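Listed here are the chains, written in short residue letters.
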Amino acid sequence: MSLVKLYDTTLRDGTQAEDVSFLLEDKIRIAHRLDELGIHYIEGGWPGSNPKDVAFFKDIKKEKLSQAKIAAFGSTRRAKVTPDKDNNIKTLVAAEPDAITIFGKTWDFHVHEALRISLEENLELIFDSLEYLKKNAPEVFYDAEHFFDGYKANPEYALKTLKAAEQAQADCIILCDTNGGTMPFEVAEIIKTVKKHIKTPLGIHTHNDGDCAVANSLIAVEQGIVQVQGTINGFGERCGNANLCSIVPALKAKMKRDCISDEQMRHLRDVSRFVYELANISPNKHQAYVGNSAFAHKGGVHVSAIQRHPETYEHMRPELVGNCTRVLISDLSGRSNILAKAEEFNINLDSKDPVTLEILDNIKEMENRGYQFEGAEASFELLMKKALGSHRKHFQVLGFRVIDEKRGEDKRPSAEATIMVKVGGKVEHTAAEGSGPVNALDNAIRKALEKFYPKLKEVKLLDYKVRVLPAGQGTASSIRVLIESGDKHNRWGTVGVSDNIIDASYQALIDSIDYKLHKSEE
Ligand SMILES: CC(=O)SCCNC(=O)CCNC(=O)[C@H](O)C(C)(C)COP(=O)(O)OP(=O)(O)OC[C@H]1O[C@@H](n2cnc3c(N)ncnc32)[C@H](O)[C@@H]1OP(=O)(O)O
Ligand SMILES: CC(=O)C(=O)O
C-alpha cells in the first residue's frame, strides 16, 4: 500500500486552540518528538504572524532532525500587491523552510465577504502566489480553505480555485473542512468528483466542530488522498483539528496503510502526553487509543472476559500505541476484577477462596457509603492485604486533635494539630502547625512517624480533592477526600469518607503513609 504522508500542524493550528500556547523552546522540543515519531511534515508556524514564529524557523535550522521536513504557513498575497512585494509571502520565503503552505479562498461567499474582491481577482491571487512560491521554495502546498462548504455553495467556482492551484503547479492541494461541519459521506462524494477534474495529489485538513474530523480524514484516505493534516491530541481552533493520535493507529492498524513504523507508533502515547505537558493541559483520560481510560475495564463482565481473551472487549492491543490494559475497582466489579488486581499487586488469591467474595462485598458496601476506589488503588491494596491477613501494622494512632483558630475578622486563621502514635512499644506525642487544619494534621502525622520511618520524608502530597456526597444535608453531608501522593518513583491514590472533613482527610492521609511503608518494605 502506498505511503500516506502525515503533516502535523500542532505548532500552528494547534496553537490556535483556546488555552494552548508554546514557548519557542517548547516548539523546538515538540518538533524533535514529532520527527522521532516519523511525522513527515511539521508545520512550525506562520512567520508573517509574530516574531516567535520567525525565530522558530531560524532556530530549527540549527537542529538535527532525522527525517521530518519543516513547513511554513501563510496566506495568498494581499489583493493590491504582487507576490514579490507582499510582506507575508516575503517572510515565508525568508524563513527558508523545506516546504511552504499557503491557504486561499475557495468559497465565493468568503471571497465577497472576507476578502471583498471579485471572484476573478481571487483566482489570480491563488495562481500568482503559488507560481511565485514555486520558484522560491523546494515544495509548495495549497490549503483550499473552506473547500467543502465552498463546493456545496458553488461547485463550479470551487473547482476553478483548485484548477488555479494546479496550473501554478502546487505539489499538493489540501481540501480543508475549515468550519468542521462536513459529514463523512459528503467528504467521500465530493472527493470522488474532485478527482475527476484535478490530477495534482490531494491532501485533507479537517476541523472537529461536528465531531467528525478523524472520520472525515480517514474517509478521505479511502478516496485516495495522499497527505493527512492534523495535530497531536486534536488541538486546534474552536473544537480542534483532526487528532493524529487517532488517525495514525487507524491508518496503520485498521486500514493497513503505511505511514510510520510499528516501533514509532509505540511512542504515540508518550508524544501525546509530552504535548499535553508542554501545553500545561491535563491529559484527556478518555481520549481514544492513548488516554488512560482507553483500555480501562470497569464492569465485572468485561473484566472476566478480557482475562479469558483481551479482544473480547478491546478493539486492538494497547501496546501498539504504548498504552496498557487497566482493571478498575468499583461497585460494578465482580470477582474477576478482584483477582486481576490481586495479580497486579503480586498477591496470591485463589478464585475459590471465600476471602475474594468477602473483599468484593466489602468494596460494594463501602462504595455505597461514598468510597470510590477507582482513583484510590492504594487504599484498595491495603484493604485487600487486611482481608488476607498480610497487612503489617507499622504504627497505631492513639488519637489526634486539630485546632483551627481565627482571632478577629481581619486576622488570618491559624491551625495546629497534635497526634499520639505508638510504634513498636514507643509512644510519640507531636504537635505541628499548618496553613490549614488538614495541612497541620498532615505535618503532625509525618513529624511523629518520620522519626521511626525516615523514608516518609520522600512522600509529597500531589493532589487533594474533596467531594460532597449527595446526601442533601448541606454542611452536615458526608464528604469524600481523594488524595494523590507521590515519591521519586511512584504516584498513588487513597480515599477517606466521613461526615467530618478532618476525619475523611485523616483516613486518606494515613492510608497514603501506610501504603508508602508497605511499598518500601517490598
Ligand atoms: C483557516 C485558518 O486557520 S487560517 C490561519 C488563521 N490564523 C491566524 O489568523 C493566526 C495568525 N494571524 C495573524 O497573526 C494576523 O491575523 C496576520 C498577521 C496574519 C494578519 O494581521 P492583520 O494584517 O492585522 O489583519 P487581520 O488579522 O485583521 O486579518 C484579516 C486580513 O487578512 C486578509 N486575508 C484573509 N485571508 C486571506 C487570504 N487567503 N489571502 C490574502 N489575504 C487574506 C483579509 O483580507 C484581511 O486583510 P484586509 O484587512 O487588508 O482586508
Ligand atoms: C488552513 C486551515 O487551517 C483551515 O482551513 O482550517
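Cut-offs and rules
Residues numbered from 1 in each chain as written. Chains lettered and ligands numbered in written order. Predicted model: local features only at pLDDT ≥ 70, side-chain atom pairs only at ≥ 80, totals over all residues. Heavy atoms only, no water. Domains from an automatic or database assignment. Helix = DSSP H or I, 4+ residues; strand = E, 2+ residues; numbered from the N terminus. Expected span 1.5 Å × (residues − 1). Buried < 20%, exposed > 50% of the residue type's maximum accessible area, 1.4 Å probe, protein only. Contact = heavy atoms within 4.5 Å. Salt bridge = Lys/Arg side-chain N within 4 Å of Asp/Glu carboxyl O. Axes fitted to C-alpha atoms, helices over the stretch in contact; angles between N-to-C directions. Parallel < 35°, antiparallel > 145°, perpendicular 65-115°, else oblique. Nonpolar A, V, L, I, M, F, W, Y, C, P; charged D, E, K, R; others polar. Near = heavy atom within 4 Å. Polar contact = N/O pair within 3.5 Å; in protein donor to acceptor, adjacent residues only side chain to side chain. Areas by Shrake-Rupley, 256 points an atom, 1.4 Å probe, with all protein chains shown as cover.

**Concerning the domain arrangement of the protein**
Domain boundaries assigned for the protein yield domain 1 (5-279), domain 2 (296-368) and domain 3 (396-521). Relative to domain 3, the C-alpha centre of domain 1 lies at a distance of 52 Å.

**Describing helix H1 (residues 24-37)**
Given a rise of 1.5 Å per residue, 14 residues ought to cover 20 Å, and the 20 Å separating the end C-alpha atoms of H1 matches this to within 8%. For H1, the set of buried residues is Leu24, Asp26, Lys27, Ile28, Ile30, Ala31, Leu34, Asp35 and Leu37. Residues of H1 that are buried sit in contact with strand E1 (5-8), strand E2 (41-45), helix H2 (51-60), helix H11 (262-265) and helix H12 (268-279). Within two residues after H1, Gly38 carries a phi angle of roughly 100°, on the positive side.

**Re the pattern of salt bridges**
Under the definition given, this model contains 34 salt bridges. Asp171 serves as the salt-bridge partner of Lys134, at 3.1 Å between the closest nitrogen and oxygen. Highlighted residues: Lys134 in helix H5 (residues 119-136) and Asp171 in the loop between helix H7 (155-167) and strand E6 (172-177), separated in sequence by 37 residues. Judged by its relative accessible area of 26%, Lys134 falls in the partly exposed class. Taking the shortest distance from any N to any O, the salt bridge between Lys163 and Glu166 comes out at 3.6 Å. Taken as a pair, Lys163 and Glu166 lie in helix H7 at a separation of 3 residues, close to a single helical turn. Take Lys163: its relative accessible area is 32%, and that puts it in the partly exposed class. One network of salt bridges, in which partners are shared, links Glu381, Lys385, Lys519 and Glu522.

**As for the packing of helix H4 (residues 108-115) against H5**
The interhelical angle for the contact between H4 and H5, taken along N-to-C directions, is 90°, at an axis separation of 10 Å. Here H5 runs roughly perpendicular to H4, going by the angle between their axes. Contact residues: Asp108, Val111, His112 and Leu115 in H4; Leu119, Asn122 and Leu125 in H5. Counted by class, the contact of H4 with H5 contains 4 nonpolar, 2 polar and 1 charged residues.

**Description of the site of ligand 1**
In the vicinity of ligand 1 lie 17 residues, with Gln16, Ser49, Thr76, Arg78 and Glu145 positioned nearest. A distance of 3.1 Å separates a nitrogen atom of ligand 1 from a polar side-chain atom of Gln16. Ser49 is positioned such that a nitrogen or oxygen atom in its side chain is 2.7 Å from an oxygen atom of ligand 1. In isolation ligand 1 offers 1,000 Å² of accessible surface; the protein chains occlude 55% of this area. Broken down by secondary-structure element, the contributors of at least two residues to the shell around ligand 1 are strand E3 (69-75), strand E4 (99-105) and H4. Of all the elements, E4 adds the most residues to the shell around ligand 1, at 3 residues.

**Considerations on the site of ligand 2**
All residues in the neighbourhood of ligand 2 are listed as Arg12, Asp13, Asp143, Glu145, Cys176, Thr178, His205 and His207. His207 places a polar side-chain atom, nitrogen or oxygen, 3.0 Å from an oxygen atom of ligand 2. Burial of ligand 2 by the surrounding chains reaches 93%, relative to a free accessible area of 220 Å². Tallied by class, the residues present in the shell around ligand 2 amount to 1 nonpolar, 3 polar and 4 charged.

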